[in-house]
Structure formats: structure tokens, C-alpha cells
Amino acid sequence: MISSLLERKIEKRPERVRLEGRILFLTEDPELIKRQLAGEDLPWDTKNPARNPQLRDDISTDEITPAHYCFYFDETLGEIPYLGLKCGNVLPIARGDVKKGGFVCAVSGKRRGKGSSREQSPYAEMCAGIRLVIAENIERIYKQNCQNLGVLTSTNFSLIDEIRGENEIPLNEFTAGEDEITRQVIEYGGLFPFNVARMQKKVFLPAIKTEKRPMTLAEKIFARHMLNDKGEPSVPSVKPGDTGFARADLRFSHEYVTPMAAIFFERYVGRDARVNDPASILFFRDHLTFLDEVISEEKKKLGLLDLATQLKFKQQDFAQKQGVKLHGELKDRKGSEGICHSIVLETYALPGQLNIGSDSHTPHVGAIGCVAFGIGTTDVFNSWITKDVRVKVPESVKIVIRGKKHPNVTAKDFILKILSLDYVRSGKALAKVMEYAGEAIEELSVDERATMTNMAAEIGGFTGIVAPDKKAIDFLVERRGVDRKKAQAMIEGLYSDQGAQYAHVIELDAAEITPMVATPGDPGNGRYVRDLNTPVPVELAYGGTCTAGKNEDMDMYAAVLADALKQGKRIADSVKFYIQFGSQETRDYCIRKGYLEIFKKAGAHVIEPSCGACINAGPGVITRPEQVVISAQNRNFPGRSGPGQMYLASPLTVAATAVAGYIVEYEPSEKVELVSA
């Protein structure tokens, strides 16, 4: 415990809040937004909502703070909220507009803050003057980041009238319905002041007294890690809604987040303070390794490349000062050691652990039976102090995929199908654990299971998890060198109890699922390839990222391209196909298997590990609005990977499309028939 914090003066917020300023309605109509920015206050009928203009749904954090602007990690972010917000085909908000407009509240529709866990988004809003966010429903990580920073959130649209009437609003309006700990975080104005009050024993931490009950796999792992009344991990049982702090086995962050967290740590805790247990903290340089190859001259002139370099140096310096392991750039060639999720699965995570990371795709390691979830910057730097993280035990959704899948169907097709379901698209799965089960899931390798758990983030889920079994044991033994008996002991008891309760059960038949794509704009826009009405020519094909840069993904790219070469075919002249490794381990695997020669002969461009094109920061990014790309990555939100049209698909479909020149199913056979959409 850092002794100086015990003497820090901490006070609660006033019990009533007056929000003085204008309200910005983020509407579908860009002209209405422009009029508000010009000074017009939009009329809004809170009693007859059908009369109001349509609000933008599904606003992602990529739209609130486009990736390149996240190179800022200070109050400069206040100049850039909503720069990527697309309404129709228009980006109506320019740099500095929100801050100049005197807005105190921003209003939108369903699923606000979906996507990346970047805390730069609510921080940018806060620095621009936004003190309250109102939406129909709000994604878990974004909402928690708002609370951690002290930004208020609500789904109560009647507050619009209170703000416009310049009325005081009771603080309990924003704490109603929240758990005891979240209530106090809001009352203290953020997570850090709450944690200081916690150290000073000024806050109330409710004891978890849930009696023994059948538990889901995730609940069992939470029970092992939630702190008891002695401050030690482990309670007998938990149920959804139980709140407390969970001791993390592993905490990690990458260069987008570490510098901002380090600045917060040094500012609020002290420049000479030391992190708690550096051996269980990891840093990664994996997002921006190839940025200099694709960043525009315009962005260079804005100094963004220089800012990105500062992120790298700040992380390096903090890691060295704190004695934290940094998986950084390669010494002998351009590239990184690997993407954080890939390395954590290949090297660190173990069944039954609770891991937290500064990225929404942290659930990746749920493939071997971990509870792993993304957190924001404030949670990261607070975890460096306390080694724990605030948790409200989530409900679980069981997704059962029965039967046997088609040979050309992969885990990516399964998850795109799940994302297209009304239950998910309506936001009912938000903040819930996605537990995958059924014969078709059991047949998947750990690499393929990781695609399912990874993309729980796109569902908006708390995390994704698969019960560890023989395949998980084999993975630990063969890929990690773990002793088999130890691996078997690790997975004992890691299954859901008979009678465990689920918020919802989704059942799918693998035989009914054929290769899918998600059409541009959202991963939830899933359609079967065979249902596309006309052929869709592509210019770019991309295989890589944490989702599709694993060993088995490389098996798929290689299988399709090897079959094409046997038929005398190569990648279509009209297509550029990039294949990017998720880690050096996967690169070495490809060398051992002879895949690099196949990729080269077929005409693919091979790239060293990095997140790269997925976040508009490496080869394979889209450069023109009319450009069409098919990608095996996880997201196709507007502007995330450039201004063009991105279709998401499996590694098999991406590789087959690269050969055909337009979107096709892959049909494995001796002759390899590529079936047109």
C-alpha cells in the first residue's frame, strides 16, 4: 500500500448536480448536427419520442475517437470527440467543434460506446465539456470507463428537460439501480478517489454472502478470485449481481493505453511510486509497429506520427523504471514480438485464471477456460496499485452449437452467425458472459475457440469462455510445455454445474450454417455468402490480427493457396492479399510447415506481427471510400480500417476470395471448386 494515499484528502460529490450547458443530439441526419454546432438548440419532445429525429445507434469508440487521435494522451483529446462519427456518408463534426459549442450532455440511441475499450473516448468527451451521456443502452466497458473518470451516464431521456430547465438533479438519479460499489464510485467522482477512500476505510464494501448454489464456469472462477472480508481471494459462492473486487492473476496493457495510465499513475499516486507486484504485469508494443508505412502526409503534418513514437518511448521508460516485462519490437527486423492476446494465450494464461487487459479482445484466452476481460485506462492504473479490479458478477448466456459443421465452415462463421441474431443486435447480450458449448464447439481446436471467445467483444459481452477439456490440456502440453498431470489438475472442476442458471440459451445447428460475411458497417451485418445477390469484387484481402493470425488460421490460408497452386491459379491480379502473423511463434510455425513458400508462390504479401490494418495502422488499410476489402479481422465499424467498404469473413473465405477476385465460398475438394456468391 502506498502510504501517501492514506493521508490524501478525499471528498464526495455534492448530493445534487446542476449541469449548465447545451445538449448535443447525435442524430442520423448530419445537417441537424451541423445546425447544433452552429449554435441552434434542437427541439426535443421527451414525452412523445416518436416525434423526434432519429438518433444514431451503434456509435463505436472508433467513431468517438478515431485510432490515430488516440496518440494523444492528455487534455488535447478534448478537441477531437466524434471526429469519426458518420451520419449517412457525412462526417459532420470537425476538430474543436464540440468544445467550442458549450455542450454539457451528448445524447444518442442504442449500444453507445461499442467496440474498443479505449478510455480516450469518454476522456475526450469529458475534456470537451461533456459531463453526462444519455443513450438507450450503453456498452459495459465504455460505461465503466465513464464512471471511472467521473462522467455521468443515464438511459433516462427525461433528464433532457431537467438540464434545459437548469434544474438541480439529485445525484441518486445516476446511482439508482447500480450496485453498492458502483454507487460509491459515482459519488466519489471516479475510481481513483474511490480507491483512495477504500484504502482509508471510508467506503462500504458489501460482503459476498451467497449461499452454495450450482454455478456456471465463469461464476466458479469469479468465486475463486473475489476478495472476502479478510481481503483475500476466494468466497464460497457467487451469483449474478454480487459485487466486489477480484484479484487478477495477470494485468496487461499495450502502447495505446500504458502511457496514459502511466501519466495518471504518476500524477495521482506519485512519480516515485512503485506498482504492486510487477511480475504479474505485462506491457506490449503491438498496435503501431507499422504505422509509419501507412499514415498519411496530412496526419504526419499534424504531428501524429511523432505522437505515436512518444507512446512507444513513454511505455519503454515506464516499463524499465517499474521492472515490468515489455514484449516490444524486434531487434533484427521490423515487426513486434506479437499481439498481446496471441502472446498471453501462447505463453502466460492458464485455465481457471482471472486476467485483465487494456483491450476489448482480452477474452481471447477464454479459449482455455479463463475469465478474461477488457478494462480501460483508469482501471489499468488502479490495478497497478491494488492488484484487483472492480467486478459485478455478470449473468451468463449459454450458446450451444450442436451437430457437425461443414468442412468450409469455421469458428468465424459461427460467431458471425451469432452476431446476426436479434438477441445480440438488440443489445440483450450486453455485459453478459458468453459460454460456448455443444458438439461443434468441442470439435474446435483451441485456436478456433479463441476466435469465438475473442469476438465476445463484438457481441458486447463481458467475456467469452469455453470449458477446458482434453484439447486444452493438449494445447498446454504441446504448445506451452506444461506437464500433462499438472495441466489435468488445472482443469479439475472447471465446468458449469448441472442446474446452473443462465440469462438465456441460444441453440444453433452447425449443419445449417454455411460460410458467412458481415457486410460493411458492423460485425452484426451477417449474411450467408450464397445469399449475396451479385458478385462482390474486392481489391484487398487481409488475413491477420489477434482473431485470425493464429497457427490454425495460417493452416487455412495455406490450404486454400496450396490448392489454388495445384490448379495453376494464384491470387487474382486485381487483388492484393496480405497475411500477417499474430506472433513470432506463429511465424516460426509457418516456417516449419513450409507455408512461407506457399504464400510467396501464390502472390501473398507476408507481414511480421502487429495489429496493423485492423486499427488503420499497417499494410492492408483501406485508402479510398470506394475500395472494397475482405478481412478476417474482428471489426468493420465505419472508418476503423480506413474509409472504404469492409466485409468480414473467415480465413478460408478470405483466401478463396483473394484467388477468385470476388467474394466466394471455399469448397474443399481435390479440384477445389470456388463457388460464386
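Residues numbered from 1 in each chain as written. Predicted model: local features only at pLDDT ≥ 70, side-chain atom pairs only at ≥ 80, totals over all residues. Heavy atoms only, no water.

A look at the overall build of the protein chain
Applicable threshold: Each helix corresponds to a stretch of at least 4 residues labelled H or I by DSSP, and each strand to a stretch of at least 2 residues labelled E; elements are numbered beginning at the N terminus. The size measure is the radius of gyration over C-alpha atoms, and the globule rule it meets is 2.2 Å times the number of residues to the 0.38 power. Only protein chains enter the accessibility calculation, which uses a 1.4 Å probe. A residue is then buried if its area is under 20% of the maximum for its type, exposed if over 50%, and partly exposed in between.
Within the protein chain, the secondary structure is distributed over 27 helices and 26 strands. The globule rule puts the C-alpha radius of gyration for 677 residues at 26 Å, and the 24 Å found for the protein chain is close to it. Summarising its shape, the C-alpha atoms of the protein chain cover approximately 75 × 60 × 50 Å along the three principal directions. Each of the 677 residues in the protein chain was classed as buried or not, and the buried ones make up 63%.

Brief notes about helix 19 (residues 446-454)
With respect to burial, helix 19 is a largely interior element, nine of its nine residues being buried. Among the residues making up helix 19, those that are buried are Val446, Asp447, Glu448, Arg449, Ala450, Thr451, Met452, Thr453 and Asn454.

Some remarks on the sheet that holds strand 12 (residues 371-374)
Convention followed: Here, any two strands with at least 2 DSSP bridges between them count as paired. Axis definition: a line fitted to C-alpha atoms, over the contacting stretch in the case of helices. Angles run 0 to 180 degrees between N-to-C directions. In this description, contact between two residues means that some pair of their heavy atoms is separated by no more than 4.5 Å.
Spatially, five strands are ordered 10-9-8-11-12 in an open sheet, and the strand pairing comes out parallel. Every other strand in the sheet has two partners, leaving strand 10 (325-327) and strand 12 as the edge strands with one partner each. Neighbour to neighbour, the strand axes of the sheet diverge by 20° on average, direction disregarded. Pairing between strand 9 (residues 281-284) and strand 10: three bridges, direction parallel. The partner of leucine 282 across the bridge, within strand 10, is lysine 325. Packing of helix 10 (residues 217-225) onto the sheet brings it into contact with strand 11 (354-357) and strand 12, and relative to strand 12 it is tilted by some 85°.

Describing helix 11 (residues 258-268)
Taken across its eleven residues, helix 11 has eight buried, putting it largely inside the fold. Within helix 11, the full set of buried residues consists of Thr258, Pro259, Met260, Ala261, Ala262, Phe264, Phe265 and Glu266. Once helix 11 finishes, glycine 270 follows within two positions and takes phi at roughly 140°, a positive value.

Brief notes about the packing of helix 25 (residues 584-593) against helix 26 (residues 595-602)
Which entries qualify depends on this criterion: Angles are sorted into four bins: roughly parallel if under 35 degrees, roughly antiparallel if over 145, roughly perpendicular if 65 to 115, and oblique for all others. When residues are grouped by polarity, Ala, Val, Leu, Ile, Met, Phe, Trp, Tyr, Cys and Pro land in nonpolar, Asp, Glu, Lys and Arg in charged, and all others, Gly among them, in polar.
Here helix 25 crosses helix 26 at 85°, and the two axes come no closer than 5 Å. One finds that helix 25 runs roughly perpendicular with respect to helix 26. For the pair helix 25 and helix 26, contact is made by Tyr589, Cys590, Ile591 and Lys593 and by Tyr595, Leu596 and Phe599, respectively. Taken together, the residues that form the contact of helix 25 with helix 26 break down as six nonpolar, no polar and one charged.

Some remarks on the nonpolar core
To keep things clear, this is the line we draw: Here, the term nonpolar core denotes a set of buried Ala, Val, Leu, Ile, Met, Phe, Trp, Tyr and Cys residues that are joined through side-chain atoms within 4.5 Å.
Membership of the largest hydrophobic core comes to 103 residues, with the highest contact counts inside it found for Tyr82, Phe222, Phe373 and Trp384. Residues in contact with phenylalanine 222, not counting those within four places in the same chain, are Val238, Leu354, Val371, Phe373, Val391, Val393, Pro394 and Phe462. The next biggest cluster of nonpolar side chains, apart from the first, holds 42 residues, and it includes Leu416, Tyr436, Met455 and Ala456.

Quick notes on the packing of aromatic side chains
The condition is simple: The pairing test for Phe, Tyr and Trp rings, Trp by its six-membered ring, is centres within 6.5 Å, and the orientation test on the planes gives stacked under 30 degrees, edge-to-face over 60, and tilted for anything in between. In our convention, an over-ring charge means Lys NZ or Arg CZ found within 6 Å of a ring centre and within 35 degrees of that ring's normal.
Tallied over the full model, the rule gives 20 aromatic pairs. When the centroid spacing of 6.0 Å and the interplanar angle of 10° are considered together, the rings of phenylalanine 194 and phenylalanine 245 count as stacked. Linking phenylalanine 194 in helix 9 (residues 191-199) with phenylalanine 245 in strand 7 (residues 243-247), this pair joins segments that are 51 residues apart in sequence. Given a relative accessible area of 0%, phenylalanine 194 falls into the buried group. Judged by centre distance (5.9 Å) and plane angle (70°), the ring pair of phenylalanine 222 and phenylalanine 462 falls under edge-to-face. One end of the pair, phenylalanine 222, is in helix 10; the other, phenylalanine 462, is in the loop between helix 20 (456-459) and strand 16 (463-466), with 240 residues separating them in the sequence. The same class applies to phenylalanine 222 and to phenylalanine 462, which are both buried. One aromatic cluster is present, built from ring pairs that chain together Tyr123, Phe192, Phe264, Tyr268 and Phe381. Geometry around phenylalanine 245 places arginine 198 over its ring, the cationic atom sitting 3.7 Å from the centre. Over the face of the ring belonging to tyrosine 495 we find lysine 220, whose NZ or CZ atom lies 4.0 Å from the ring centre.

Focus on the sheet that holds strand 2 (residues 22-25)
Read from one edge to the other, the open sheet built from four strands follows the order 2-3-4-5, with strand pairing classed as parallel. Each of the sheet's edge strands pairs with one partner strand only, and the pair in question is strand 2 and strand 5 (152-154). Within the sheet, the average angular offset between the axes of one strand and its neighbour, ignoring direction, is 20°. The pairing of strand 4 (residues 132-134) with strand 5 spans three bridges and is classified as parallel. Across the sheet, residue valine 133 finds its bridge partner in strand 5, namely threonine 153.

Here's the deal with the packing of helix 16 (residues 411-419) against helix 19
Threshold: Put simply, a crossing is left-handed when the front helix is turned counterclockwise from the back one by less than a right angle, and right-handed when it is turned clockwise.
With their axes 9 Å apart at the nearest point, helix 16 and helix 19 run at an angle of 20° to one another. In terms of their interaxial angle, helix 16 and helix 19 are classed as roughly parallel. Between helix 16 and helix 19 the crossing geometry is right-handed. Contact with helix 16, carried on its side by Ala411, Lys412, Phe414, Ile415 and Ile418, involves Glu448, Thr451 and Met452 of helix 19 and no other residues of that element. Classifying every residue of the contact of helix 16 with helix 19 gives five nonpolar, one polar and two charged.

Quick word on the pattern of salt bridges
To keep it simple, the criterion reads: Criterion for a salt bridge: a side-chain nitrogen of Lys or Arg within 4 Å of a carboxyl oxygen of Asp or Glu.
Here the structure, examined in full by the defined rule, presents 50 salt bridges. The residue arginine 18 makes a salt bridge to glutamate 168 at a minimum N-O spacing of 3.8 Å. With arginine 18 in strand 1 (residues 16-18) and glutamate 168 in strand 6 (residues 168-170), the pair connects residues that are 150 residues apart, well separated along the chain. When the shortest N-O distance is used, the salt bridge between lysine 432 and glutamate 395 registers 3.8 Å.

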